[in-house]
Amino acid sequence: MLNEEVIKSIRYFLSKVIKKNDHILDKTKYRAYIMNLDQLKTFLWVAKLGGVRKAAHEMNLSQPAVSARISMLEEELGIKLFDRQKSGVVLTKEGLLLRSHAERIESYVSQIRAELTPSEEVKGTLRIGVAETIAQSWLSEFLSSLRTHYPKLVIELSVDITMNLRDQLLSRNMDLVFLMGPLSEGNVENITLPSFKLGWFCHPEAKTQNLGSTPIISFSRLSRPYQELMSELMLRYPEIGQVFPSTSLSTSFEMIASGIGVGVLPIQLAQRLIEAQRLISFDPGWVPDDLVFTASYLNDPKDHIVQQVAQLALQAAKNYDKRTKTKKVKRKNRPLDKKN
């Protein structure tokens, strides 16, 4: 059953683009109506991005084509939607009102597509960004599930650090990101994913585990775990040794397994190297907080296909978390240095 607010929004828009005496849409008018929906979508992109050039790039159209759609929409509505400025365009008072209605309509159209189109027939491109912790854990299971549910959906995948993924999402270069969250922006939806516990690891024959003197392998300098780690180290130790930040989780594990230093990394991902006897865990008496990840996407308007894909990711993450928690992580703790 249609939401009353949605019905009002649709009626408002249609009342502007269809003449009052047109009670029945023939094929010609129907084609015109479809064209106007394209105009509405174009209007939203120009409004969101603040310029015709950016909207044209996003929609893979020429700038004249985008300008023409906006001009035709303004002519049909009999109002001015944008004020043109040197820096771009800004919405007029009428443009702001139309944007509010248009976003509801676009969201509803997305909902229709999600509910009525069989998942195996959904087409398009979905741009997904993931943090490396996710890439090395449950990503493959998620992609397999995604392929099963949406076989015609083209996936563009990018692995990056959380800060870059956030920027890519907010600039609309990504549709869905799995990162250390949640993001606080009001136009972002966050679905909390199972967290990753951290543990301290070193080479089996490490000469010392004293965190005040041995090199420490860490996450990227721009990441939240790095900042939290440095704060704790400075509080707990009069002096600290070298800290080697890395944007590559796999490289960090290899550095520790090679005896370069110790490190605090996700326990679930260390199991393979522990079983190969290349790493052991140790307990310095404290450990940083768990890594909290979210599946995050924009909600202005909400894309219901992206929302459903995020739910598939949540299920894959839960499956992985359940499997790894049933396995006992082998802990071969060595006596701590007195200085620890």
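These notes cover the structure that comes with them.

Definitions and limits used
- Residues numbered from 1 in each chain as written.
- Predicted model: local features only at pLDDT ≥ 70, side-chain atom pairs only at ≥ 80, totals over all residues.
- Heavy atoms only, no water.
- Helix = DSSP H or I, 4+ residues; strand = E, 2+ residues; numbered from the N terminus.
- Buried < 20%, exposed > 50% of the residue type's maximum accessible area, 1.4 Å probe, protein only.
- Contact = heavy atoms within 4.5 Å.
- Areas by Shrake-Rupley, 256 points an atom, 1.4 Å probe, with all protein chains shown as cover.
- 1 Å grid on protein atoms, 1.4 Å probe; cavity = no way out; pocket = protein on both sides within 12 Å on 5 of 7 lines; lining within 4 Å.
- Points joined across faces, edges and corners; volume = space filled by probe spheres on them.
- Phe/Tyr/Trp six-rings, centres within 6.5 Å; stacked < 30°, edge-to-face > 60°.
- Lys NZ or Arg CZ within 6 Å of the ring centre and 35° of its normal.
- Axes fitted to C-alpha atoms, helices over the stretch in contact; angles between N-to-C directions.
- Parallel < 35°, antiparallel > 145°, perpendicular 65-115°, else oblique.
- Left-handed = near helix turned anticlockwise from the far one by under 90°.
- Nonpolar A, V, L, I, M, F, W, Y, C, P; charged D, E, K, R; others polar.

What the protein contains, in helices and strands, is 12 helices and 12 strands. In the protein, buried positions account for 44% of the 340 residues. Here the analysis covers contacts within the protein between residues at least 6 apart in sequence; of these, 77% occur between residues at least 24 apart. Summing over all exposed atoms, the protein offers an accessible surface of approximately 18,600 Å²; the carbon and sulfur share of this is 51%.

This brings us to the side chain of Thr133. With respect to the helices and strands, Thr133 occurs in helix α6 (residues 132-135). On the accessibility criterion, Thr133 (4% relative accessible area) is buried.

Overall, the coordinates contain one cavity of 30 Å³ or more when judged by the stated rule. Considering only enclosed or pocket space, the largest cavity measures out at about 40 Å³ in volume. If you go around the largest cavity, the residues you meet are Leu198, Ser218, Phe219, Pro225, Tyr226, Glu228, Leu229, Val264, Pro288 and Asp289. The leading source of residues in the lining of the largest cavity is helix α9 (residues 224-236), at four residues.

To continue, consider the packing of aromatic side chains. Two aromatic rings are characterised by how far apart their centres lie and by the angle between their planes. What the rule picks out here adds up to eight aromatic pairs. Plain terms: the ring middles of Trp200 and Phe282 are 6.0 Å apart, the flat faces sit at 45° to each other, and that makes the pair tilted. Of this pair, Trp200 sits in strand β7 (residues 198-202) while Phe282 sits in strand β11 (residues 280-282); the two residues are 82 residues apart in sequence, bridging distant segments of the chain. For the pair Trp200 and Phe282, a shared accessibility class is recorded, and that class is buried. Taken together, Trp138, Phe142 and Phe178 form an aromatic cluster joined through their ring pairs. Over the aromatic face of Trp45 sits the side chain of Lys48, whose NZ or CZ is 5.1 Å from the ring centroid.

Turning our attention to the layout of surface pockets. Put simply, the largest pocket is a space of about 1,200 Å³. The wall of the largest pocket is formed by 37 residues, among which Lys41, Trp45, Glu106, Arg113 and Asp303 lie closest to the centre. Contributions of two or more residues to the lining of the largest pocket are made by α2 (27-49), α3 (52-59), α5 (93-116), β3 (124-130), β4 (153-159), β12 (293-298) and α12 (304-325). Broken down by element, the lining of the largest pocket gets its largest block of residues, eight residues, from α2.

This next bit is on helix α10 (residues 249-257). Along α10, the residues classified as buried are Leu249, Ser252, Phe253, Met255, Ile256 and Ala257. On the buried face of α10, the contacting elements are α6, β7, β8 (216-218), β9 (243-245), β10 (262-266) and α11 (267-275). Two residues or fewer after α10 comes Gly259, characterised by a positive phi angle close to 85°.

For the rest of this paragraph, the subject is the packing of α10 against α11. Their axes nearest at 11 Å, the elements α10 and α11 cross at an angle of 40°. In terms of orientation, α10 and α11 fall into the oblique class. Once α10 is placed against α11, the crossing between them reads as right-handed. Residues Leu249, Phe253 and Glu254 of α10 touch α11, and the partners they reach there are Leu269, Ala270 and Leu273. The residue inventory of the contact of α10 with α11, partitioned by class, reads five nonpolar, no polar and one charged.

Bear in mind that shape data such as this cannot, by itself, settle questions of function.
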